[in-house]
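Close look at the chain arrangement
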Amino acid sequence: MPSFDTVLEADLVEVKNAVEQVAREIGTRFDFKGTSAGIELKDKEKEITLFGDADFQLTQVNDVLVAKLAKRGVDVRFLDAGKVEKIGGDKVKQVVKVKNGISTEDGKKIQQTLKGSKIKVQGAIQGDAVRVTGAKRDDLQAAMALIKSELKDLPLSFNNFRD
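The paragraphs below set out a description of the structure included in this document. (Residues numbered from 1 in each chain as written. Predicted model: local features only at pLDDT ≥ 70, side-chain atom pairs only at ≥ 80, totals over all residues. Heavy atoms only, no water.)

1. Thoughts on the overall build of the protein
Heads up, the condition is: The numbering of helices and of strands both runs from the N terminus, where a helix is a DSSP run of H or I of at least 4 residues and a strand a run of E of at least 2. Burial classes: relative accessible area under 20% of the type maximum marks a residue as buried, over 50% as exposed, and values in between as partly exposed (1.4 Å probe, protein chains only). Residue-level accessible areas treat just the shown protein chains as cover; the underlying method is Shrake-Rupley with a 1.4 Å probe. Residues scored as positive are Lys and Arg, those scored as negative are Asp and Glu, and His as well as the terminal groups of each chain are ignored. All charge positions are set by atom: Lys at NZ, Arg at CZ, Asp at CG, Glu at CD.
Looking only at helices and strands, the protein has 4 helices and 8 strands in total. From first element to last, N terminus to C terminus, the protein shows the α and β order β-α-β-β-α-β-β-α-β-β-α-β. If you line up the protein on its principal axes, its C-alpha atoms span 60 × 25 × 25 Å. Residue burial in the protein is summarised as follows: out of 163 residues, 37% are buried. Carbon and sulfur atoms provide 50% of the accessible area of the protein, an area that totals close to 9,300 Å². Separation between the mean location of the 28 positive side-chain charges and that of the 26 negative ones in the protein comes to 3 Å.

Here it is, written out as structure tokens:
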């Protein structure tokens with residue numbers, strides 16, 4: 001049976017490179033001189049922490065981060081920004097999570113989309129991926145196009161295509 005996996009995973013090496021570029025730019029930019037503006041990446045938790053003196057500075061750091069990620073080919077839909085927190089004095093921070101793996105709700109949406117269509121394929125949730133199997137290769141390609149068009153808010157990719 002031909003099959004493929006639908007996954008949601010960012011290129012973490014490119015994310016790390018983008019964060020390092022942002023940190024370098026923050027160090028050299030005139031409007032960030034003498035401020036507590038900064039950025040930090042925690043590899044294990046896949047979290048990016050933005051620091052600043054005020055909310056507008058956080059948005060500036062976030063804009064630089066989005067620009068660097070886009071330049072490196074990482075979809076910005078992988079980022080899930082948390083709320084702005086005060087961390088003593090007038091300093092603020094914001095935690096931005098990097099999405100990795102399809103949640104169960106999104107997996108069920110993919111399954112419902114496939115069942116609702118008249119394409120003869122089945123979707124099975126396997127951990128943080130959805131395996132789609134079908135009798136014909138053409139059906140699988142039609143299912144890929146359907147999933148991409150229906151779930152625009154997720155930066156899905158397809159791998160492990162088997163014949």
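2. Observations regarding unusual backbone geometry
Unusually for a residue other than glycine, N160 sits at a positive phi of about 60 degrees. Of note, N160 is situated in strand β8 (residues 157-162). Judged by relative accessible area, N160 falls into the partly exposed class, the value being 30%.

3. Looking at the packing of helix α3 (residues 104-116) against helix α4 (residues 137-150)
Which entries qualify depends on this criterion: Between the N-to-C directions of two axes lies an angle of 0 to 180 degrees, each axis being a line fitted to C-alpha atoms and, for a helix, fitted only over the stretch in contact. Here is the rule for angles: anything less than 35 degrees is roughly parallel, anything more than 145 is roughly antiparallel, 65 through 115 is roughly perpendicular, and the remaining ranges are oblique. Note: crossing handedness is left-handed where the near helix turns anticlockwise from the far helix by less than a right angle, and right-handed where it turns clockwise. The contact criterion used is simple: two residues touch if any of their non-hydrogen atoms lie within 4.5 Å. Think of it as three bins: nonpolar holds Ala, Val, Leu, Ile, Met, Phe, Trp, Tyr, Cys and Pro, charged holds Asp, Glu, Lys and Arg, and polar takes everything else, Gly as well.
Between α3 and α4, the least distance of the axes is 10 Å, while the angle of their chain directions is 125 degrees. Classified by the angle their axes make, α3 and α4 are oblique. For α3 against α4, the interelement crossing comes out right-handed. Across from I110, T113 and L114 in α3, the residues of α4 making contact are A143, L146, I147 and E150. Residue composition of the contact of α3 with α4, by class: 5 nonpolar, 1 polar and 1 charged.

4. Re helix α2 (residues 55-71)
Keep this limit in mind: Helices are assigned an expected span. That span is 1.5 Å times one less than the residue count. Along the arc lie the directions from the helix axis toward the C-beta atoms.
In this model, α2 (17 residues) spans 24 Å end to end at C-alpha, consistent with the 24 Å of a helix rising 1.5 Å per residue. Three or more residues of α2 are buried, namely Q57, L58, V61, V64, L65, K68 and L69. Considered in projection along α2, the buried side chains sweep an arc of 135 degrees and stay on one side of the axis. Summarising the geometry of α2, the exposed residues directed more than 90 degrees from the buried face are F56, D63 and K71. The secondary structure elements touched by the buried residues of α2 are α1 (12-28), β2 (38-42), β3 (47-52), β4 (79-86) and β5 (92-98). Directly beyond the C-terminal end of α2, a positive phi value near 85 degrees is found at G73.

5. Remarks on the pattern of salt bridges
The cut-off we apply is this: The working definition used for a salt bridge is a side-chain nitrogen of Lys or Arg within 4 Å of a carboxyl oxygen of Asp or Glu.
With the rule as written, the count across this model stands at 10 salt bridges. One salt bridge connects K97 with E47, and the closest N-O pair in it is separated by 3.0 Å. On the criterion of sequence distance, the pair formed by K97 in strand β5 and E47 in strand β3 is long-range, its members being 50 residues apart. The shortest N-O distance in the salt bridge between D163 and R137 comes to 3.3 Å. On the criterion of sequence distance, the pair formed by D163 in the segment after β8 and R137 in helix α4 is long-range, its members being 26 residues apart. Residue class for D163 comes out exposed when judged on its relative accessible area of 64%. Of the residues examined, R137 reaches a relative accessible area of 44% and is grouped as partly exposed. One salt-bridge network, in which partners are shared between bridges, spans E25, R29, D31 and K68.

6. Examining the sheet that holds β8
Counted only if it meets this: For two strands to pair, DSSP has to find at least two bridges joining them.
With antiparallel pairing, 4 strands are arranged side by side in an open sheet as β6-β7-β1-β8. If you trace the sheet from one side to the other, it starts and ends with β6 (121-126) and β8, each paired once. Between one strand axis and the next, the sheet turns through 25 degrees on average, direction left out of account. As paired elements, β6 and strand β7 (residues 129-134) share 6 bridges and run antiparallel to each other. Directly across from Q126, in β7, lies its bridge partner A129. Helix-sheet contacts for α3 involve β1 (3-7), β6 and β7, and the interaxial angle to β6 is about 170 degrees.

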